[in-house]
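Chain and residue survey
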Number of protein chains: 2
Amino acid sequence: MTREHLGDRSVVRRPASIKDVAAAAGVSPTTVSHVLSGNRPVNEDTAARVRSVVNRLGYVPASLARSLQAGSTSVIGLLIPDISNTFFAELAKGAEDAAHDLGYGLILCNTEFDADREDRYLGMIRSRFIDGMVYASGSPPSRRRLEALMGKFPIALADEEVDGLQGALIATADHEAGGRLVGEHLRELGHRRALMLTGPRALKSGADRANGFVKAFKGKVVERVGDFKEASGHRLVAGRLEEGRLDCTAVFAANDLMAFGALTALREAGLSVPGDISVVGFDDIRAASLIHPPLTTVHQPAYDVGRTATAQLLQYVSRGEVPPASRHTLPVELKVRASTAPPAR
Amino acid sequence: MTREHLGDRSVVRRPASIKDVAAAAGVSPTTVSHVLSGNRPVNEDTAARVRSVVNRLGYVPASLARSLQAGSTSVIGLLIPDISNTFFAELAKGAEDAAHDLGYGLILCNTEFDADREDRYLGMIRSRFIDGMVYASGSPPSRRRLEALMGKFPIALADEEVDGLQGALIATADHEAGGRLVGEHLRELGHRRALMLTGPRALKSGADRANGFVKAFKGKVVERVGDFKEASGHRLVAGRLEEGRLDCTAVFAANDLMAFGALTALREAGLSVPGDISVVGFDDIRAASLIHPPLTTVHQPAYDVGRTATAQLLQYVSRGEVPPASRHTLPVELKVRASTAPPAR
DNA sequence: TTGTACGCGTTATCAA
DNA sequence: TTGATAACGCGTACAA
């Protein structure tokens with residue numbers, strides 16, 4: 001680590017302002033403003049002179065001052081729990097694309113499921129540093145905080161709706177249809193007894209998946225509550241195996257990571273997939289198609305969820321309105337791979 | 001999609017300003033400011049009265065105005081090519097953590113390798129909407145644009161250094177050491193002929209990996225240039241297989257995705273890994289340990305790269321300085337898994 | 001075709 | 001202990 005001698009360059013000097021340009025060009029700040037914005041006609045010679053000074057001084061309008069006077073920043077926030085989770089990374093990509101399309105910037109609000117951190121980021125909307133927020137906290141959010149904010153500030157809920165929260169703009173995947181597709185698939189293969197590894201009870205999405213599955217499967221379903229982590233899938237399946245026999249021919253995990261854990265536990269017990277038992281996940285993260293055997297799973301339109309939520313939000317934000325209640329349910333898709341097969345006889 | 005009747009609530013009304021509070025509390029804006037900041041003593045009764053009005057009106061200081069007067073926004077940018085790439089997602093997480101620790105916000109500048117998009121984001125620093133930029137474009141960046149910016153604005157280079165760019169603050173993984181570790185590992189296993197799949201020529205990181213590898217391996221190395229995508233790894237290996245024999249006992253791909261492609265090509269050709277041929281990757285993305293066989297690869301400290309670059313940048317930004325030239329090389333680690341073994345005799 | 005004056009919301013300076 | 005004023009940098013209504 002070296003520090004070169006940079007003289008004055010090591011300290012940022014005051015950048016040229018519109019006044020500096022005006023003075024150097026011998027015109028008023030108003031004229032400079034209009035030369036740059038084109039909002040009113042300017043004498044061509046004057047304009048040329050101004051432009052030349054702009055170049056010479058390297059003048060760039062301070063967007064901060066512009067925002068202050070305009071009353072909006074053209075920046076919104078994206079609140080998610082964990083950007084290193086591929087689901088949220090895809091969602092973020094969709095959100096960023098939508099924001100960029102409309103000339104908005106996107107502040108990454110990564111909360112790590114930490115309430116204080118979430119509060120700090122929600123403060124950005126209260127202090128009007130951001131024009132709106134795409135909210136995808138990934139955990140059962142405190143309804144109260146949100147209720148106080150929605151209606152006053154533009155907020156869109158992505159991925160996970162908040163139970164009992166009315167009047168929100170919502171974009172989610174069709175979780176129930178996903179569960180249903182899995183149920184139908186396993187039923188058609190001939191399965192009649194399944195173990196379902198769910199996510200935390202409080203998540204609406206998880207409940208929807210479970211409901212859809214149970215309805216469509218029409219067989220015996222044992223539910224076990226996990227936490228969406230790989231270890232939890234492993235623990236739950238290993239636990240069942242130790243208790244005695246697994247007593248089912250298929251495992252449906254509410255997300256891919258838990259399915260991975262289940263696969264490992266089954267392998268460790270000397271069971272083959274899908275020979276002895278079928279396994280299905282949910283999410284279709286990148287690794288799902290790469291593992292052995294490739295995992296049958298439900299593809300979630302994470303990118304579309306982020307993109308839709310953001311595009312909808314901005315449609316209202318750009319007009320200075322609080323978005324109305326609306327719901328956008330995005331289609332999911334069953335990816336049948338090699339981890340499912342008819343049950344052994 | 002329904003639109004409820006929300007009356008006046010559908011349009012955001014003007015939020016309370018410090019003047020409103022001052023008027024309602026019968027004091028000057030100055031006093032309100034000081035009650036809230038604690039920057040000077042205020043009579044307890046007056047303060048209580050002000051606080052009560054603040055609550056009643058729901059006043060929150062406009063951070064925009066604060067920023068204008070302070071001359072900085074406490075927001076920086078993170079410029080990356082693709083947030084859905086787990087490497088950059090991890091890097092982003094590290095950057096966000098570091099920014100959050102120092103009370104800074106982080107704008108996600110996802111460029112998709114698009115020069116125009118990159119330009120637009122770099123404009124944010126010129127217009128001083130952001131106080132600095134962590135630059136990890138993932139592709140050979142146009143030195144010129146950057147040179148013009150650095151020295152005038154706070155920029156830190158992360159992951160990829162820019163060839164010939166002087167005086168920059170840089171944080172990267174130790175790519176050369178990574179290549180060396182792979183070379184030593186394969187050599188110790190007894191391999192003497194290897195195929196190396198490199199990334200695009202222009203990337204310094206790729207060259208470093210190749211150099212380290214060739215030096216330490218000391219055997220015969222055939223190099224083929226790929227583009228860091230899975231398809232490219234598949235194509236290069238399949239091509240060699242078609243041309244005749246592969247003529248090597250090990251494949252070293254410059255990133256995991258290309259290694260995945262290589263694995264698929266080998267499997268399709270009926271070759272076993274590591275029985276017939278060993279495969280090594282680089283990056284240690286999540287899927288690397290999940291695929292079959294688990295991939296021997298070099299773990300990149302993506303999180304630390306993002307965190308270090310950001311923390312270093314902010315150390316100077318917070319003092320209103322342009323960061324000096326400095327280099328932070330972060331250690332990598334060889335993860336030996338099941339895709340490597342001694343060569344078949 | 002151009003300029004003056006004001007407002008955006010805050011904080012620092014200076015005065016009382 | 002408090003307040004009036006200026007300044008941050010810009011856009012624009014109004015005037016000339």
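Residues numbered from 1 in each chain as written. Chains lettered and ligands numbered in written order. Predicted model: local features only at pLDDT ≥ 70, side-chain atom pairs only at ≥ 80, totals over all residues. Heavy atoms only, no water.

The name an unreviewed UniProt entry gives chain A is HTH-type transcriptional repressor PurR, with Streptomyces graminofaciens as the organism.

Digging into the protein's contact with DNA strand D
What surrounds DNA strand D is a group of 26 residues, the closest being Ile18(A), Tyr59(A), Arg66(A), Thr31(B) and Thr46(B). Expressed as a percentage, the sugar and phosphate content of the atoms of DNA strand D within 4 Å of the protein is 60%. At a separation of 2.6 Å, a phosphate oxygen of DNA strand D approaches a polar side-chain atom of Arg66(A). Ser28(B) is positioned such that a nitrogen or oxygen atom in its backbone is 3.1 Å from a phosphate oxygen of DNA strand D. Listed by contribution, the elements that provide at least two residues to the surface near DNA strand D are α2 (29–37) and α4 (63–70) of chain A together with α2 (29–37) and α4 (63–70) of chain B. The element best represented in the surface near DNA strand D is α4(A), accounting for 4 residues. The residue makeup of the surface near DNA strand D, split by class, is 10 nonpolar, 13 polar and 3 charged. (Near = heavy atom within 4 Å. Polar contact = N/O pair within 3.5 Å; in protein donor to acceptor, adjacent residues only side chain to side chain. Helix = DSSP H or I, 4+ residues; strand = E, 2+ residues; numbered from the N terminus. Nonpolar A, V, L, I, M, F, W, Y, C, P; charged D, E, K, R; others polar.)

Digging into the packing of helix α5 (residues 86–101) of chain B against helix α12 (residues 302–317) of chain B
Any two packed helices are characterised by the angle at which their axes cross and by the distance between the axes. All names here are of chain B. Between α5 and α12, whose axes approach to 7 Å, the crossing angle comes to 35 degrees. By crossing handedness, the relation of α5 to α12 is classed as right-handed. Packed against α5, whose contacting residues are Phe-87, Glu-90, Leu-91, Lys-93, Gly-94, Ala-95, Asp-97, Ala-98, Ala-99 and Asp-101, the element α12 presents Ala-302, Tyr-303, Val-305, Gly-306, Arg-307, Thr-310, Ala-311 and Leu-314 at the interface. For the contact of α5 with α12, the residue count by class is 10 nonpolar, 3 polar and 5 charged. (Axes fitted to C-alpha atoms, helices over the stretch in contact; angles between N-to-C directions. Left-handed = near helix turned anticlockwise from the far one by under 90°. Contact = heavy atoms within 4.5 Å.)

A short note on the relation of the copies chain A and chain B
You can overlay chain A on chain B at an RMSD of 0.1 Å; the transform is a turn of 180 degrees with a shift of 0.1 Å along its axis. Taken together, the rotation and translation describe the operation of a two-fold axis. With an isologous cut-off of 70% or more, the 100% of interface residues of chain A that recur at the interface of chain B puts this contact in the isologous class. (Least-squares fit on C-alpha atoms with pLDDT ≥ 70 in both.)

Describing the protein's contact with DNA strand C
Taken together, 25 residues sit near DNA strand C, with Thr30(A), Thr46(A), Ile18(B), Tyr59(B) and Arg66(B) positioned nearest. Sugar and phosphate atoms form 57% of the subset of DNA strand C atoms that lie within 4 Å of the protein. Measuring from a base oxygen of DNA strand C, one finds a side-chain N or O atom of Arg40(A) at 2.8 Å. Separating a phosphate oxygen of DNA strand C from a backbone N or O atom of Ile18(B) is a distance of 2.5 Å. Mapped onto the surface near DNA strand C, the elements with two or more residues apiece are α2 and α4 of chain A together with α2 and α4 of chain B. Split by residue class, the surface near DNA strand C holds 11 nonpolar, 11 polar and 3 charged.

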